[in-house]
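# Architecture and fold: a report
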2 protein chains.
Amino acid sequence: MKMTNIVYQKAPFTREELIKKVQNRLSEKRFAHVLRVEKAALSLAEKYQVNLEQASIAALVHDYAKEISDEDFIKKIKSENLDVDLLSFGNAIWHGVVGQYFVAEELGICDQAILQAVASHTTGSSEMSDLDKVIYIADYIEEGRDFPGVKEARQQANISLDAGVSYETYHTIKYLLEKKVKIYPKTIETYNRYVART
Amino acid sequence: MKMTNIVYQKAPFTREELIKKVQNRLSEKRFAHVLRVEKAALSLAEKYQVNLEQASIAALVHDYAKEISDEDFIKKIKSENLDVDLLSFGNAIWHGVVGQYFVAEELGICDQAILQAVASHTTGSSEMSDLDKVIYIADYIEEGRDFPGVKEARQQANISLDAGVSYETYHTIKYLLEKKVKIYPKTIETYNRYVART
């Protein structure tokens, strides 16, 4: 995969320019994670015939809003008249669901498929596009990840995008439950669609 | 607890008459469960100062719709214009959420507190009344229940209604997840309210 061969047509900048913009907003550690997610996303996109440009852009911006302050997220939730239930969650949910608004506004990315992939990258949804699945999975299995089960997660992603989504969703909920962390309703929609037996 | 001492004022029949009506709709085994739930509910209601008549009636009718056919539930979901998402669930959810309509219609019970307790007895909700909690818990810990953890569930219910709700909800979701069964969104609302750390 030669990433530098991707020429952006859906964004008002080159890949190198986007990388700079992202780097400016993130810690060194998180920026390195973002580059690894792009690598994993492009590999999945190539395997599953997903548009490489969209996969590259969505991966590079998926955590764009991760270091935005809670205060600014709350302002955005109010100014965009988003579901007030969002206020009872936090950065883990906001940086995707609300983060898409910062990506659109500050980076001028208007491609709805990309914004949707950013929005759903931590929760999934009941109707995920292949691009959504690629970003959701790439974030979980990028080569820097090292948690019990990551090997199996990579194997499942290699079988199919749906198998990858299912494995990740199941284990994410199990983890949240063990830690007694609030579960965002959309995460359960993802579980009901991609994990539960029908 | 002398159950026969309860005189119904919120229902157009005596306790004995209600018991007959319920018995006519249920298998012998389930009817025995219902009587045990009433016993547990009255014990909890007495401990936590919940109205005994409401606890008795709600307990006796909580499974009233349990043996109604899927076909009749689907008809009711459509005729009452209930959330179409309900159609992707089954009897386990319907007999409470939709069951309340059969209880109201066929038994003439109009007490909203009772109907709400019936509606939420398998899923809970994000804002449970004490009566809701009593029925939700009683169904789980009645003396005939025998599953790993039931002893701890009874101990938690003895500490507080919220502790009982929390224990039951946590373990119910864990069980559903292990079995990869669909999870009704309201169950997660209950988890987020009574189990998750804020």
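Residues numbered from 1 in each chain as written. Chains lettered and ligands numbered in written order. Predicted model: local features only at pLDDT ≥ 70, side-chain atom pairs only at ≥ 80, totals over all residues. Heavy atoms only, no water.

### Some thoughts on the overall build of chain A
- Within chain A one finds 11 helices and 0 strands.
- When its helices and strands are written in sequence order, chain A yields α-α-α-α-α-α-α-α-α-α-α.
- Scaling as 2.2 N^0.38, a compact globule of 198 residues should have a C-alpha radius of gyration of about 16 Å, and chain A matches this with 16 Å.
- Seen through its C-alpha atoms, chain A measures out along the principal axes to roughly 45 × 40 × 30 Å.
- Counting over 198 residues, chain A shows a buried share of 52%.
- Summed over its atoms, the accessible surface of chain A is roughly 9500 Å², and 47% of this surface lies on carbon and sulfur atoms.
- Taken together, the 26 basic and 29 acidic charged side chains of chain A have centroids lying 4 Å from each other. (Helix = DSSP H or I, 4+ residues; strand = E, 2+ residues; numbered from the N terminus. Rg over C-alpha atoms; globule rule 2.2 N^0.38 Å. Buried < 20%, exposed > 50% of the residue type's maximum accessible area, 1.4 Å probe, protein only. Areas by Shrake-Rupley, 256 points an atom, 1.4 Å probe, with all protein chains shown as cover. Lys, Arg positive; Asp, Glu negative; His and termini not counted. Charge placed at Lys NZ, Arg CZ, Asp CG, Glu CD.)

### Notes on helix α9 (residues 150-159) of chain A
All names here are of chain A.
- For α9, the complete set of buried residues consists of V150, A153, Q156 and A157. For α9, the buried positions fall inside an angular range of 115° around the axis, keeping them on one side. For α9, the exposed residues lying more than 90 degrees away from the buried face are K151 and I159.
- Buried positions along α9 lie against α2 (28-47), α8 (130-141) and α10 (161-178). (Arc of directions from axis to C-beta. Contact = heavy atoms within 4.5 Å.)

### Let's talk about helix α7 (residues 112-119) of chain A
Residue and element names in this part refer to chain A.
- Within the sequence span of α7, burial applies to I114, L115, A117, V118 and A119.
- Among the structural elements, α3 (52-61), α5 (91-97), α6 (99-107) and α8 are those in contact with the buried residues of α7.
- Of the residues that open α7, the one with a side-chain oxygen 3.0 Å from the backbone nitrogen of A113 is D111. (Polar contact = N/O pair within 3.5 Å; in protein donor to acceptor, adjacent residues only side chain to side chain.)

### Points about the confidence of the model for chain A
- The pLDDT averaged across chain A works out to 95; a share of 97% of its residues lies at or above 70.
- The complex model carries a pTM of 0.92, and its ipTM stands at 0.89. (pLDDT = per-residue confidence, 0-100.)

### A few points about the relation of the copies chain B and chain A
- Note on the copies: chain B fits chain A at an RMSD of 0.0 Å, the axial shift is 0.0 Å, and the rotation between them is 180°. As the rotation angle and translation indicate, the two copies are arranged about a two-fold axis. The rotation axis passes nearest to the C-alpha of P185 of chain B in chain B, at a distance of 3.3 Å.
- Interface overlap between copies is the fraction of interface residues in one copy that are interface residues in the other; for chain B against chain A it reaches 100%, indicating a shared surface. (Least-squares fit on C-alpha atoms with pLDDT ≥ 70 in both.)

### What about the interface of chain B and chain A?
- Listed by partner, the interface residues are 18 residues for chain B and 18 residues for chain A.
- Between chain B and chain A, the buried area comes to about 1700 Å², and carbon and sulfur atoms account for 63% of it.
- Seen at the junction of chain B and chain A, the total is 10 residue pairs in polar contact (both at pLDDT 80 or more).
- Counting only elements with at least two residues in the side of chain B that touches chain A, the list comes to α10 (161-178) and α11 (185-194) of chain B.
- Of all the elements, α10 of chain B adds the most residues to the side of chain B that touches chain A, at 6 residues. (Buried area = accessible area lost by both parts, 1.4 Å probe.)

### Description of the side chain of T123 of chain A
Residues and elements named next belong to chain A.
- Note that T123 resides in the loop between α7 and α8.
- The class of T123 is buried, set by a relative accessible area of 0%.
- With residues near it in sequence (within four places) discarded, T123 still touches I93, Y136, Y184, K186, T187 and T190.

### What to know about the packing of aromatic side chains
Residues and elements named next belong to chain A.
- Applying the stated criterion to the full structure yields 8 aromatic pairs over all chains.
- With a centroid separation of 5.8 Å and 45° between ring planes, the pair formed by F73 and W94 is classed as tilted. Linking F73 in helix α4 (residues 70-79) with W94 in helix α5, this pair joins segments that are 21 residues apart in sequence.
- Residue F73 is classed as buried on the basis of its relative accessible area of 0%.
- Judged by centre distance (5.0 Å) and plane angle (90°), the ring pair of F89 and Y184 falls under edge-to-face. With F89 in the loop between α4 and α5 and Y184 in the loop between α10 and α11 (185-194), this pair connects stretches of sequence that are 95 residues apart.
- Look at F89 and you get buried, because its relative accessible area is 12%.
- A relative accessible area of 13% means that Y184 is categorised as buried.
- One aromatic cluster in this structure is built from F73, W94 and F102.
- In this structure, K182 packs its charged tip against the face of F89, placed 4.6 Å from the ring centre. (Phe/Tyr/Trp six-rings, centres within 6.5 Å; stacked < 30°, edge-to-face > 60°. Lys NZ or Arg CZ within 6 Å of the ring centre and 35° of its normal.)

### So, the pattern of salt bridges
Residues and elements named next belong to chain A.
- For the structure shown, the criterion picks out 22 salt bridges over all chains.
- With its nearest N and O atoms 2.4 Å apart, the salt bridge here joins R25 to E106. Here R25 is found in helix α1 (residues 15-25), whereas its partner E106 is found in helix α6, with 81 residues between them in sequence.
- Its relative accessible area of 37% is what places E106 among the partly exposed residues.
- Among the ionic pairs, K133 bridges to D162, the shortest N-O distance being 2.7 Å. Of this pair, K133 sits in helix α8 while D162 is found in helix α10, placing the two residues 29 residues apart along the sequence.
- Residue D162 is classed as partly exposed on the basis of its relative accessible area, which comes to 34%.
- Salt bridges here are not isolated pairs; linked through shared partners, they connect R15, E16 and E38. (Salt bridge = Lys/Arg side-chain N within 4 Å of Asp/Glu carboxyl O.)

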